[in-house]
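Take a look at the letters that make up each chain.
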Amino acid sequence: MFNIAHHVATKVVSAVHHVEEEIRGLFTLTDEKIMDHIYETHAHADETFDDDSLFIITENILKPATQIVDKIVQLSCKAPGEDIAHKTTLAILKKLSTYQWEAKAVLTLAAFALEYGDFWLLAQNQHSDHLAKSLGILKRVPILTKPAELQKRRQAILELNNLIKATLQVMEIIDQFDKLSIYDPKEITGLSVALDHIPVDVYWSIVTVVACSTKLTLLTSDEDKPYDLAPYSQKIHYVLNKLKIQLVVCRRQVEERETYLRLKKFFQTPTEVMEIFKALTFTKDKPQLLIDGSTNTTVSLEVLKKKKIFLFISTLEITEEDILYLKPVHEGTKRDENYKIVWIPMVDNWTPELQKKFEILRSKMPWYTIQSISVSVGIKFIKEEWNFKGKPSLVVMNHQGKIENTNALHLVKLWGIKAFPFDKAAEEKISSETSWIRPVILNIDSHLSDLMLKEEKYIFFYGGKDNEWIKQFTAKANAFANDPIFKEAKINIDLFCVGKSPKGGEDHGILGRFWDGIESLFVTKAHKQVDPVTQEIQKLLSYKNESGWALLTKGPHVVTAGHGFTILKVLDDLEKWKEVIKEKGFEISFKEYHVKLIQSVRHCCRLDIPSVIGKVPEKMQCPECPRTMESFISYKCCHIDGPIAHH
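Definitions and limits used
- Along every chain, residues carry numbers that run from 1 in the direction the sequence is written.
- With the structure being a predicted model, the display of local features is reserved for residues of pLDDT at least 70 and the display and counting of side-chain atom pairs for 80 or more, all residues being used for whole-chain, interface and lining totals.
- To get the side-chain values, take all heavy atoms of the structure and skip hydrogens and water.
- Strands were regarded as paired on the criterion that DSSP finds at least two bridges between them.
- Each helix is a run of DSSP H or I of at least 4 residues and each strand a run of E of at least 2, with the numbering of both proceeding from the N terminus.
- Every axis corresponds to a line fitted to the C-alpha atoms, with the helix fit spanning only the stretch in contact, and the corresponding angles, defined between N-to-C directions, vary from 0 to 180 degrees.
- Only heavy atoms enter the contact rule, under which two residues are in contact if any of them lie within 4.5 Å.
- Burial classification: accessible surface area is computed with a 1.4 Å probe over protein chains only, and a residue below 20% of its type maximum counts as buried, one above 50% as exposed, and the rest as partly exposed.
- Every residue is assigned a pLDDT by the predictor, reflecting its confidence on a scale from 0 to 100.

Chemist: Describe in detail the sheet that holds strand E11 (residues 557-563), supporting the description with residues and values.
Modeler: The four strands lie next to each other as E9-E8-E10-E11, forming an open sheet whose pairing is mixed. If you trace the sheet from one side to the other, it starts and ends with strand E9 (493-497) and E11, each paired once. Pairwise comparison of adjacent strand axes, ignoring direction, gives a mean angle of 20° for this sheet. Here strand E8 (residues 458-463) pairs with E9 via five bridges, running parallel. By the bridge assignment, Tyr458 is partnered in E9 with Ile493. Of the strands in this sheet, E8, E9 and strand E10 (549-554) are in contact with helix H20 (residues 467-481), which crosses E8 at around 170°.

Chemist: Explain the pairing of E10 to me, and be specific about the residues and the numbers.
Modeler: Of all six residues in E10, five are buried, a share of seventy percent or more. Looking at chain direction, E8 and E10 are connected through six bridges and run antiparallel. Bridging from a neighbouring strand, Phe461 pairs with Leu551 of E10. Note: E10 against E11, six bridges, orientation antiparallel. Directly across from Ala550, in E11, lies its bridge partner Gly562. In this antiparallel pair of consecutive strands, E10 and E11, the connection spans two residues, and Gly555 shows a positive phi of 60°.

Chemist: Give me the confidence of the model for the chain: which residues, what numbers.
Modeler: Looking at the chain, the pLDDT average stands at 77 and 73% of residues meet or exceed 70. Confidence drops under pLDDT 50 across residues 11-24; counting only partners more than four residues distant or on other chains, this segment forms 24 contacts. In this model, residues 65-73 is a region of pLDDT below 50 whose contacts with residues beyond four sequence positions or in other chains number 23 contacts.

Here's what the structure looks like:
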């Protein structure tokens, strides 16, 4: 290592004497141009070279040496500078082509340290040590350290000394970035920017070292030749300040990353709820206060200690209806003090307008609100780990920080207080019920829902995108229901067109609530083993954007769901299968003929996965056949809701 450093020292010292090789306009070179030059000098890097140890030795030489200068001159100074030998720097880089970028700078600095440290050590000891005095004469130390010369050149010496200190600081920060390189630059984005620019920063460090070596040579010569270091000082301080800012950013990102990983660990092991909230908000010493919506005052996180928490997570793009969904949850928390609701607003960049909107929404919530969470920790975690995609969700967390349901909002929407406390056990119990369509109907027509429960009558629920199909189905279904065979068997069949008002117009409110309910049912089943109920729900959801669809129920139970084409065909073909009704009954006969038609018709089944599902299932079995469905990514906008994109 030291032979290499000595060899580099020889190269630097010999190179800096060739001032005629210096090129003017150095400081007008762009980073891209510098990259072009220095990458020509760079070969495969030797990663075995211990540049850290050499840097420590170099630092131990230069720091005391610069302190000696400070003691001798005793004065503050202005910034130094002058043009440097670009070709000399490239020559050094070529000589060190097989070393890593940090090692190139450390070796060059070490070479200079041999000269600079030796010079000032001799200057310090020349009056007390005869050998130091003799060596000092050979090194031309007295030329510079005579009182008259020292007084004459003190400004130049201080400028040189400060430039060396700044260069040393640059190297220290580059070394810090090298140590941070154990992290993934994709996760620590500031590190990626800094590491990409290290070659240029190393270039300017070596350029500055060469300039300092030149200046030292000129100061100890008999010639009074000027060599302004100001441009170098300006450049190296620019590099230093840029690196300091980047290092602060990187360290914060590393701290955020460590907090993020700690947050993940919290949910894997029993953890006090308060610690989780500290991590979500990225606060340590002074945890953020909660807003108590019932009193409109701030309270400590202590109110959540040993409580089970419902985390209502949403953007500010929510409606009063979204808030009203939580009314049964809030009623449940008032009955049982062990449960609390906390609203977490998902806002990346707060503005005065968003703050105003936040206050309006918060005033409508009688539960707790966390004022803001960390974008890089809390929001990132919620999006990545809980698969938040913009739609409101309700995460259920027990008193030890264990997640019992990553999104219980679909349970709340469908079943209300009946599903309290909305954990997985409650979800399993509720989703196993065979009367799964009733809560959906309850949300669009409570009277009809009650009739379904009391009377065992059949009802065709139907709808679609094609009004002509709806008219056609209405006419044929009425004729079907009035067929003598059903009159004889005393089978009553009613019709309910979803999304159509009594006057014939479209009712988007009812239509929206219906499909929201079906999506909620789908979410409860999405990550479970496929059963007949799951298949019917998937099948029905796959018809959402079709021209027509129909669902046949008996009382609160579903008989079957079908695409408009096949269901209409079943009605048309009544004469072909009506005799089977006497033998097997209406339900079985209808279903068997419908299945037979599905198998004979090649109709593509499309299932749009709602974003509220969170993590999308890796594969999805077709609800109409035993095959696995192909997966596609699609986007849509209905121009009526959702966040506005800002550019």
